[in-house]
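# Chains, contacts and geometry: an overview
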Amino acid sequence: VGAHAVSLVEVGPRDGLQNEQAPISTADKIELCKRLLAAGVTRLEAAAFVSPKWVPQMADGAHVLAGLNGFRHSEVSLSALVPNVKGMEAAIEAGVQEVVVFTAASEAFTQKNINCTIADSIERFKPVIELARQHQVHVRGSISCALGCPYEGPIPVGRAGDVARRLADVGVQEFDVADTIGVGTPGQTRAVFEAVAKAVPLHSVAGHFHDTYGQALANILAALDVGVRTFHSSVAGLGGCPYAKGATGNVATEDVVYMLHGMGYDTGVDLNALVDVGQWFSTAVLARPYGSRAGRALWTR
Ligand code: HMG
Ligand code: MG
């Protein structure tokens, strides 16, 4: 990433869709991914190789990735969530460039989400990371509930940094610090990201904000100020987490791109093209109002 560049990871096809109760067709998922890539998205979280009993909507990940075969090129990195070796083997088979192992800054959330303790989750990642090394797959580690937990409430400021350090020790290369339920506010965000930046290199830290309380853009700005240059977002603000009751979508990619371009940052994303994608998917596929504020303002047809 250059001095005025921000790297965006589009998580709409994964985080955005995992909580949808009605099944979305594989063809619609593939079409969403293709249109996002055509709009200039280069890092795309397209699938989760998790237990289909836990998250049925993500069961067709291998087919979604197979459908993107013709759209891969050297500038594009496709990623998938993997909780264990079984998921990692599926991800390798599907030819992803990045995987995401995921734990949390909260014990209670880790238990609900992946049915183990934080320490056990990190143990479980070791063979996953070994496989990633063998196959030259980049490993991200997601830390949920860094700014608050639906079960434990407030989380100590240093907790995400502690977990990041433990993930770095087992070979995780990038650290996705997540406000799963969108409760964080900018001062707290600054403190948490400063603590994470003391634990692991700042260039390997990403901010993953949900917009439940309308704080996501302000929190991104706070993290930008700390020096974070990678953010996750979801087209049209799609999403929610099945194990975080009341959690709404990720911050809308359109809103993030609008803010960053307005501040003079380069994202590589064509905002108008992205708005077309968000409008199309919300109305034509999900049959609901378009959730991006910037997107609604820019949509003129
Ligand atoms: P478990 O029940 O403890 O594990 O689940 P298990 O090993 O006993 O497996 C249970 C069944 O699942 C078995 O099948 C396994 O074969 C199967 P059965 O024998 O009963 O027929 N299984 C799998 N199938 C396919 N792919 C796999 C896999 N693993 C096991 N990889 C487990 C433990 C981790 C598997 C489960 O808890 C799980 O899949 N959890 C995923 C939950 C999830 O996807 N949550 C949402 C994503 S995280 C998120 O959204 C947060 C994030 O956005 C950041 C933020 O905002 O905070 C990233
Ligand atoms: Mg999330």
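Under an unreviewed UniProt entry, the name given to the protein is hydroxymethylglutaryl-CoA lyase, and the source organism is Limnobacter humi. Under the UniProt heading Pathway (unreviewed entry), the note attached to the protein is "Metabolic intermediate metabolism; (S)-3-hydroxy-3-methylglutaryl-CoA degradation; acetoacetate from (S)-3-hydroxy-3-methylglutaryl-CoA: step 1/1."

The periodicity of an α-helix, 3.6 residues per turn, causes residues three or four places apart in sequence to face the same way. Compared with an ideal rise of 1.5 Å per residue, which puts 14 residues at 20 Å, helix α8 (residues 186-199) spans 20 Å between its outermost C-alpha atoms and is within 8% of the ideal. Of the residues making up α8, those classed as buried are Gln 188, Thr 189, Val 192, Phe 193, Ala 195, Val 196 and Ala 197.

Counting buried positions along strand β2 (residues 43-48) yields 6 of 6 residues, so the element is predominantly enclosed. Relative to β2, strand β1 (residues 7-10) is paired through 2 bridges, and the arrangement is parallel. From the neighbouring strand, Val 9 faces β2, where its bridge partner is Arg 43. Where β2 lies against strand β3 (residues 77-81), 5 bridges are found, and the strand directions are parallel. The residue bridging Ala 48 from the neighbouring strand is Leu 81, located in β3. Traced from β2 through helix α3 (residues 61-66) to β3, the parallel crossover comes out right-handed.

Despite not being glycine, Gln 136 has its phi angle at roughly 50 degrees, a positive value. Tracing the backbone through its elements, the reader meets Gln 136 in the loop between α6 (118-134) and β5 (138-144). Assessed through the 7 C-beta atoms surrounding it within 10 Å, Gln 136 is described here as exposed. Phi is positive for Ala 236, which is not a glycine, with a value near 65 degrees. On the secondary structure map, Ala 236 appears in the loop between β8 (230-233) and α10 (253-262).

The rules behind these values
Residues numbered from 1 in each chain as written. Chains lettered and ligands numbered in written order. Predicted model: local features only at pLDDT ≥ 70, side-chain atom pairs only at ≥ 80, totals over all residues. UniProt positions renumbered as here; feature names shortened; annotations may be inferred. Helix = DSSP H or I, 4+ residues; strand = E, 2+ residues; numbered from the N terminus. Expected span 1.5 Å × (residues − 1). Buried ≥ 20, exposed ≤ 12 C-beta atoms within 10 Å, placed from the backbone. Pairing = 2+ DSSP bridges. Right-handed = clockwise from strand over helix to strand, strands pointing away.

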